[in-house]
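# Breakdown of the fold
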Amino acid sequence: MKPPAPAHACAIVLVLLPLLAVLQTTCAQKNAIDIYSLTVDSRVSSRFAHTVITSRVVNRADSMQEATFQMELPKKAFITNFSMIIDGVMYPGNIKQKDAAQKQYSAAVARGESAGLVKATGRKMEQFQVSVSVAPSAKVTFELVYEELLKRRLGVYELLLKVQPRQLVKHLQMDIHIFEPQGISFLETESTFMTNELADALTISQNQTKAHIRFKPTLSQQQKSAEQQDTVVDGNLIIRYDVNRTLSGGSIQIENGYFVHYFAPEGLSMIPKNVIFVIDTSGSMMGKKIRQTREALIKILEDLRPEDHFNLISFSREATQWKPSLVPASTQNVEEAKKYANSIKAQGGTNINDAMLMAVQLLDTATREEQLPSGSVSLFLLLTDGDPTVGETNPTKIQKNVQEAIGGQYSLFCLGFGFDVSYAFLEKLALDNGGLARRIYEDSDSALQLQDFYQEVANPLLTAVTFEYPSNAVEEVTQDNFRLFFKGSEMVVAGKLRAQSPEVLSAIVSGQLPMENITFQMESQVAKQEEEFQKPKYIFHGFMERLWAYLTIHQLLERMVSASDADKQALETQALGLSLNYSFVTPLTSMVVTKPEGQEQSQVAEKPMENGVNFSKAGVSLYARVHDLPSKTVGTPGLNAPVLYRYTSRKLDPDLRIPSRKGFLANPLLASSSSGGPTILDDYLDETMEATTSAAPAPIQAPTVILPLPGQSTDQLCVDIKRTPGPLLLLLSDPDQGLEVTGEYKMEKAQFSWIEVTFKNPQLQVHVSPEHVVVTRGRRSSEYKWKETLFVVMPGLTMTMDKAGLLLLSSPDKVTIGLLSWDGLGEGLRLLLRDTDRFSSHVDGILGRFYQGVLWGPPDTTDDSKRTLRARGFDFDATRELKLDYQEGTPGTEISCWSVAL
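Residues numbered from 1 in each chain as written. Predicted model: local features only at pLDDT ≥ 70, side-chain atom pairs only at ≥ 80, totals over all residues. Heavy atoms only, no water.

### Quick notes on helix H5 (residues 352-368)
An α-helical segment advances 3.6 residues per turn. Residues three or four places apart therefore align on the same side. Under the convention used in this document: Only DSSP runs of H or I with at least four residues qualify as helices, and only runs of E with at least two residues qualify as strands; both kinds are numbered from the N terminus onward. Expected span of a helix: the number of residues minus one, times 1.5 Å. Buried residues are those whose accessible area, probed at 1.4 Å on protein chains only, stays under 20% of the maximum for their type, while exposed residues exceed 50% and partly exposed ones sit between those limits.
The end-to-end C-alpha distance of H5 is 24 Å, a good match for the 24 Å that 17 residues give at a rise of 1.5 Å each. Within the sequence span of H5, burial applies to Ile352, Asn353, Ala355, Met356, Ala359, Val360, Leu362, Leu363 and Ala366.

In structure tokens, the structure reads:
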């Protein structure tokens, strides 16, 4: 039983995430539990990551304190060890069969204790936590180890670590070592907490086969300011990389009697595909879901190639097909399909059975009548957000019907939108038919999640891929045949070498192209490979055996989903044996964490299943027009736009502003009625009405763009767009820099709808709108919110964003492009340029022309604030005016600049 806490004791939560520990206190006695050392050692050897987190804490209070050790790890990772050292005594975590730990688990639950130590926390992470009481001046060391095989997705491997110390840590260090015998072709780091002040704390070194990323900030670098003892370190650190590849049988690597074969050849042409999109349009999809589905579907249709064939089926109570048969992805057909997708509305029930059977019949007919290209790949993409409610509603019966109809001829990929859908039902439906399932999380980037999943399966390169090894050389080989191989992915096969294995391990990989079979042959020198992995001190030795066990367990668990009852038991027994033998916390095992005598004697860590996650739904913000409020009507003569106020938790937001002829007046809502609801102050109404009856000078506005003038001048050119040939504008283009900036400008709103920056090297596209920032690298897209810190270092480019909403794209030899979500007067998207002397002589565009042969005429003889500017043969009237400079963020400062109108 816990000793009662003294009256002045703090409630403390120690949160350790994959990089750092988190200390939260709920009273003034802050940091009673002090993290004086925190180290992370992550070693990635041939895609297999072994991560050790060690946290050392001390209780600096004069009373017993309780600390909760809490960290996040990737969902696909397996915890392999956890221990606590208290007063020199080690208390280990013991991994047992789930049933064997059930008694301790149930007893803890009965006592009202939090017995489940691992739970899902988001899209990619799981949370582990354990609590322990710490005596005054006592020290505790926590150590947690987890392992995972990094999966290649859309051309890269990704190691995700979360960083949230929430206190300053004296010794804070993270080391990531990557060793790839194939050679590292690409390395990128991304952080949502890094700033320019922290940049020196992150060091990256790389040679042909290895990389070392170190994060070691000093106390002063961690500190927000001299006045604030809080840390600035709070967010994600992501390492992305890829390896060198050729058109070959891949890479066979051998260590300590085990081998792993990685296969992802370059240079193969895409196989034509026949795809039917089966889209749920039931009533539960109404609102944001159906809007994002339409948005994603339109983008996906644009990515179809002319040799592809496709059709659309929308379903609610009944299923409706867009065309009577599959059609080629011609420009005309794609445009028609986009119009159809844009017209989809949500209403009615959910008839998954009839929709899928209709889709299968369409493909059967097209195949039978030879309407499809020879050797093409046929697949279905099913998107739904709920359980079947109309027609056949028994999930087992639907799974049987669909599997019998497909008959192994086509692949089915299932997307479950949100958390009301039965993910287990969709997972089995997909796995039964050679595909896979993915959950789409309800968020602002749901459309991007849909597009990214499609990109994973949009480019088939090989079908019917099989791996063959000499039977006298290997045993216990993992899955060695695959239905489809997609661009940007990788096939991984692992196994044991027999005791009397040959000196050379050979492999044959065969697959089918549209018109022919293809064979890859591969050989690997056993002794040479063994030696290569024994030398480096920076790798985790014996990893390949653990990689084999990890991969085998994951594949056995996946096979259990679609196995018969008779086979399921055998698969479970095999997976359980490996889990216990290699000390993996899997869905079949639990880890019992013991504690010192007198405390809770044990807690049980169990790995959560994807289908058992409960997520709370986000709150809803309500909007109301002022004239709908039960109060006086506020009017502002001369302003056409209706005034909107936002309700949050039934209270009006006091930070919102209302337009008047004085500009924007802050805090118009400062009182509550007797009933507790918000009212609009009469004083504010009187002030607003008085302001509208007398003329007031117009507020100084921020120009559309501010351009640093070329040459030695420190002056600036303020450019406003008054008329355009169309909404789409080429703002800047410099082929020598590999740079292009475009935008869509809405004259009626006098602002950009979006601005897009495209780089050729590295291949990168940044698309910004007032809502968010979308970064596309290759076929991968990521969404970021404005005013969240971001720090990305990639070959040839650095991308940063600060809390003010300034996004900078910079390189030592390129012009720096800045993008800003400006919320001051004249709010909207803004463009910034720095280092403009790096523009080449080929710069072009409506803004680029001001960086080529600009000639200034003399001041006007009657008004020296006016002169003429000539750029690329066009004359512009320039006037010296006061403008609001947005380049340093809100609220901006007044500047005098030469102003021109386009």
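### Remarks on the state of the cysteines
In protein structure, a disulfide is the covalent linkage between the sulfur atoms of two cysteines. Inclusion rule: Two cysteine sulfur atoms form a disulfide, by the criterion used here, when they sit within 2.5 Å.
For the structure on display, the rule yields 1 disulfide. In this model, Cys718 is linked to Cys897 through a disulfide, with the two sulfur atoms separated by 2.0 Å. Residues Cys718 and Cys897 are joined through a disulfide that is left-handed, its torsion about the S-S bond being -120°. With Cys718 in strand S42 (residues 716-720) and Cys897 in strand S57 (residues 893-901), this pair connects stretches of sequence that are 179 residues apart. There is no split in this pair, since Cys718 and Cys897 are both buried.

### Looking at the pattern of salt bridges
Note the following rule: The working definition used for a salt bridge is a side-chain nitrogen of Lys or Arg within 4 Å of a carboxyl oxygen of Asp or Glu.
Enumeration over the complete set of coordinates arrives at 36 salt bridges. Ionic pairing is found between Glu456 and Arg153, a salt bridge with its closest N-O pair at 2.7 Å. Linking Glu456 in helix H8 (residues 446-457) with Arg153 in the loop between strand S10 (139-149) and strand S11 (157-163), this pair joins segments that are 303 residues apart in sequence. With a relative accessible area of 15%, Glu456 lands in the buried category. With a shortest N-O distance of 2.6 Å, Glu188 and Arg777 are connected by a salt bridge. Of this pair, Glu188 sits in strand S13 (residues 184-191) while Arg777 sits in strand S47 (residues 772-777); the two residues are 589 residues apart in sequence, bridging distant segments of the chain. Arg777 sits in the buried class, given a relative accessible area of 6%. Through salt bridges that share partners, Arg47, Arg152, Glu180, Asp242, Arg245 and Glu490 make up one connected network.

### Observations regarding the confidence of the model for the protein
Note the threshold: For every residue, the predictor states its confidence as a pLDDT score lying anywhere from 0 to 100. A contact between two residues is defined here by any heavy atoms of the two lying within 4.5 Å.
Taken as a whole, the protein shows an average pLDDT of 82; of its residues, 83% reach a score of 70 or greater. Mean pLDDT in the protein bottoms out at strand S34 (residues 622-625), which sits at 27, and peaks at strand S20 (residues 309-315), which reaches 97. Counting interchain partners and residues more than four positions distant, the pLDDT-below-50 stretch residues 1-29 has 107 contacts. Note that residues 612-693 has pLDDT below 50 and, in this model, 107 contacts with residues that lie over four places away or in other chains.

### Regarding the nonpolar core
Using the following cut-off: The set of buried Ala, Val, Leu, Ile, Met, Phe, Trp, Tyr and Cys residues whose side-chain atoms join them within 4.5 Å is what this entry labels a nonpolar core.
Counting residues in each nonpolar core, the largest one holds 61 residues, and the members touching the most others are Val766, Ile817 and Phe850. Among the elements that line this core, the one with the most residues is strand S52 (residues 814-822), at 5 residues. Discounting residues that sit within four places of it in the chain, Val766 has contacts with Ile755, Glu756, Val757, Val773, Val774, Val775, Met799, Leu807, Leu809 and Leu819. With 58 residues, the next largest nonpolar core counts Leu38, Val44, Ala67 and Tyr241 among its residues.

### Details of the pairing of strand S7 (residues 89-97)
Every regular strand shows the same layout, with side chains that alternate between the two sheet faces. To be explicit about the condition: In short, DSSP must find at least two bridges between two strands for them to pair.
Note: strand S6 (residues 78-86) against S7, 4 bridges, orientation antiparallel. Following the sheet pairing, Ser83 is matched in S7 by Pro92. The hairpin formed by S6 and S7 contains 2 residues between the paired strands, and Asp87 there has a positive phi angle of roughly 55°. In terms of strand pairing, S7 meets strand S32 (residues 589-594) through 5 bridges, oriented antiparallel. The residue of S32 that forms the bridge with Gly93 is Val593.

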